[in-house]
Amino acid sequence: MFRKLTIGIALLLTCFVCLHIYYGVQIRQLILKTLISNESENLELPIFKVKPLVIWAIDFHATPAYDLMMFLKPMGVTFIYRNYDKERTRCATKDNCNSSDTLKAVVPANLINLNYEDIPRFYQAYKDDPVMNSVDAFVCYHLVSLCELYEPFNKSLIIIATLRYEYGRFGKERWTTWNRNLIKYASQPRNVVGANNLYDAEYIKYFTGIQPQHLPNWGNYTNHTYSASRSGFLMPHCPSEGFRKLFLKNFTEICKNVNCSINLMYVRQKYPHYKYADIAAHQGIVYVPYQVSVMSFFEQYRMNIPIFAPSRELLAQWEIEHNVMYWKRWNRKSKRSDIEPHLSQRQVPDPNSYSEEAIRHWGKFCDYYQYPHITYYDSINDLIQLLQSISTKQLHSISAQMKLFNIEENKRLRKIWKNNLLKIADHSINHPH
């Protein structure tokens, strides 16, 4: 009798556990669907219902301003957008290659290293233009110094760095002039000064004393999400060819020695012209960084693809020994910045120094260390063990957690942008509403 009772209790407990697991999964899925549904409803609520807020954008990278355009469109914002990215593979994925479009008074290719004499010429050409008169704000992403061109129009400037902000203003004299202008723009309530990554926000602060807004790109224009329908992991673009080859060679040799079956593929070899569906179909992304922030990181994170990145210690080691972050500096021949830091930043290491102190201090601001649910590896051996041992269930669990974070991040960013847009609207003579 006692044995039967024990068996009966065990069966009941087993059933209870099974039901708890089953309904627990169902409840989590229901909560996730509800959150997504509520968020989708919020996306359809415009701020400007009668008269849209109009933003003018000229960009030299296919993605940042395009992403902002897609993000703000449901809020009642329209864009007058021109993209002059020379990298055709980037703009082709978004169908926004229009580098043949012309501008009045200036040649687009000359805008990067802007001749200050072009500023009044551009203003005279556009000051009575009906399209320009409908503009409420100018956005400058890639490159932010282009906003100097728009100053005479007396409209709001949205200045968001995606890379080191002195791009196009090289040399001590031009950089100093640009600093002076940027500090002036930041002091005017109608303007927004920010960066899409924490590194560039801190970098601007180091040289100007300004505290920029941290405004990450949303990157959800891909219209795809993680599926893990194809085997293997992808390694994103890494222009540091020597180190990339060394990394893959060491990975292959160690993998062979431990008899592992991991397939790690360099994305540009696997897919010379990839689609977002290709990226989302693989098991995960393995980063070997060459830059502090890249747009593809936002795209992959918003697609909820599990990401594997080197630990801060490992990346610092690679930078010290192999200069893998070569691309984060503009003046790569100098061992220090061309200008001095802001008085408030004198105790902070120079971000353009090659010293170990500077590398370790500034490395913590890279995008790879700002987002949750990223898996870090401490060595190639450690990476192989992680990829070999992680299960499909675990990968999908990571993806689900990323999805939940992205839902909340979307809400957070929309609140920030709502405040920014309302401020811009308050200062516009066009009165968008």
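Residues numbered from 1 in each chain as written. Predicted model: local features only at pLDDT ≥ 70, side-chain atom pairs only at ≥ 80, totals over all residues. Heavy atoms only, no water.

Caption draft 1: Looking closely at the overall build of the protein chain. Scanning the protein chain for helices and strands turns up 15 helices and 11 strands. By the burial criterion, 51% of the 433 residues in the protein chain qualify as buried. Surface summary for the protein chain: the accessible area is close to 21000 Å², and the carbon and sulfur share equals 55%. (Helix = DSSP H or I, 4+ residues; strand = E, 2+ residues; numbered from the N terminus. Buried < 20%, exposed > 50% of the residue type's maximum accessible area, 1.4 Å probe, protein only. Areas by Shrake-Rupley, 256 points an atom, 1.4 Å probe, with all protein chains shown as cover.)

Caption draft 2: Representation of the pairing of strand β4 (residues 156-161) within the structure. Counting buried residues in β4 gives 6 out of 6 residues, a clear majority hidden from the surface. Burial of β4 is two-sided: the residues S156, I158 and I160 facing one way and the residues L157, I159 and A161 facing the other way are all buried. Two elements, strand β3 (residues 137-140) and β4, share 4 bridges in a ladder whose sense is parallel. Paired with F138 across the two strands is L157, which belongs to β4. Where β4 lies against strand β5 (residues 192-195), 4 bridges are found, and the strand directions are parallel. Looking across to β5, one finds that I159 is bridged to V193. Between the parallel pair β4 and β5, the chain is carried across by helix α6 (residues 172-187), and the sense of this crossover is right-handed. (Pairing = 2+ DSSP bridges. Right-handed = clockwise from strand over helix to strand, strands pointing away.)

Caption draft 3: Representation of the sheet that holds strand β6 (residues 213-214). Spatially, 6 strands are ordered β2-β1-β3-β4-β5-β6 in an open sheet, and the strand pairing comes out parallel. Whereas interior strands pair on both sides, the edge strands pair on one side only; in this sheet they are β2 (77-83) and β6. Of the strands in this sheet, β1 (53-59), β2, β3, β4, β5 and β6 touch helix α15 (residues 392-426), which is tilted by about 150° from β4. (Contact = heavy atoms within 4.5 Å. Axes fitted to C-alpha atoms, helices over the stretch in contact; angles between N-to-C directions.)

Caption draft 4: Looking closely at the packing of aromatic side chains. Enumeration according to the criterion identifies 46 aromatic pairs in this entry. Taking the centre distance of 6.5 Å and the plane angle of 70° together, the rings of W56 and F138 count as edge-to-face. Of this pair, W56 sits in strand β1 while F138 sits in strand β3, placing them 82 residues apart in sequence. For the pair W56 and F138, one class covers both residues: buried. When the centroid spacing of 6.0 Å and the interplanar angle of 80° are considered together, the rings of F122 and F153 count as edge-to-face. With F122 in helix α4 (residues 118-126) and F153 in the loop between β3 and β4, this pair connects stretches of sequence that are 31 residues apart. F153 carries the same exposure label as F122, and that label is buried. (Phe/Tyr/Trp six-rings, centres within 6.5 Å; stacked < 30°, edge-to-face > 60°.)

Caption draft 5: Spotlight on the packing of helix α12 (residues 312-322) against helix α13 (residues 356-363). Two elements in contact, α12 and α13, have axes separated by 10 Å at closest approach and are oriented at 140°. Classified by the angle between their axes, α12 and α13 sit oblique to one another. For the element pair α12 and α13, the recorded crossing hand is right-handed. Residues R312, E313, A316, E319 and I320 of α12 form the contact with α13, whose own contacting residues are E356, I359 and R360. Residues belonging to the contact of α12 with α13 are distributed by class as follows: 3 nonpolar, no polar and 5 charged. (Parallel < 35°, antiparallel > 145°, perpendicular 65-115°, else oblique. Left-handed = near helix turned anticlockwise from the far one by under 90°. Nonpolar A, V, L, I, M, F, W, Y, C, P; charged D, E, K, R; others polar.)

Caption draft 6: Inspection of the nonpolar core at higher detail. Of all hydrophobic cores here, the largest spans 129 residues; its most connected members are W56, L72, F79, Y150, Y165 and F247. With 8 residues, the single largest contributor to this core is α15. If we ignore the near neighbours within four places in the chain, the residues touching W56 are I80, R82, L103, F122, Y126, M132, V135, A137, F138, V139 and Y150. (Core = buried A, V, L, I, M, F, W, Y, C linked by side-chain atoms within 4.5 Å.)

Caption draft 7: Summary view of unusual backbone geometry. One non-glycine residue, A105, lies in positive phi territory at about 75°. Here A105 lies in the loop between α3 (88-92) and α4. A relative accessible area of 44% places A105 in the partly exposed class. The phi angle at N223 is positive, at roughly 60°, despite the residue not being glycine. Secondary-structure assignment places N223 in the loop between β6 and β7 (233-235). Take N223: its relative accessible area is 69%, and that puts it in the exposed class.

Caption draft 8: Region of the structure containing the state of the cysteines. Inspection of every chain in the model, using the stated rule, returns 2 disulfides. What pairs with C140 in a disulfide is C147, and their sulfur atoms sit 2.1 Å apart. Sign of the S-S torsion, about 100° for the bond between C140 and C147, identifies this disulfide as right-handed. For the pair shown, C140 and C147 are each scored as buried. Paired by a disulfide, C255 and C260 hold their sulfur atoms 1.5 Å apart. Linking C255 and C260, the disulfide has an S-S dihedral of approximately -100° and is accordingly described as left-handed. According to the relative accessible area criterion, C255 is buried, its value standing at 6%. With relative accessibility at 14%, the residue C260 sits in the buried group. (Disulfide = S-S within 2.5 Å.)

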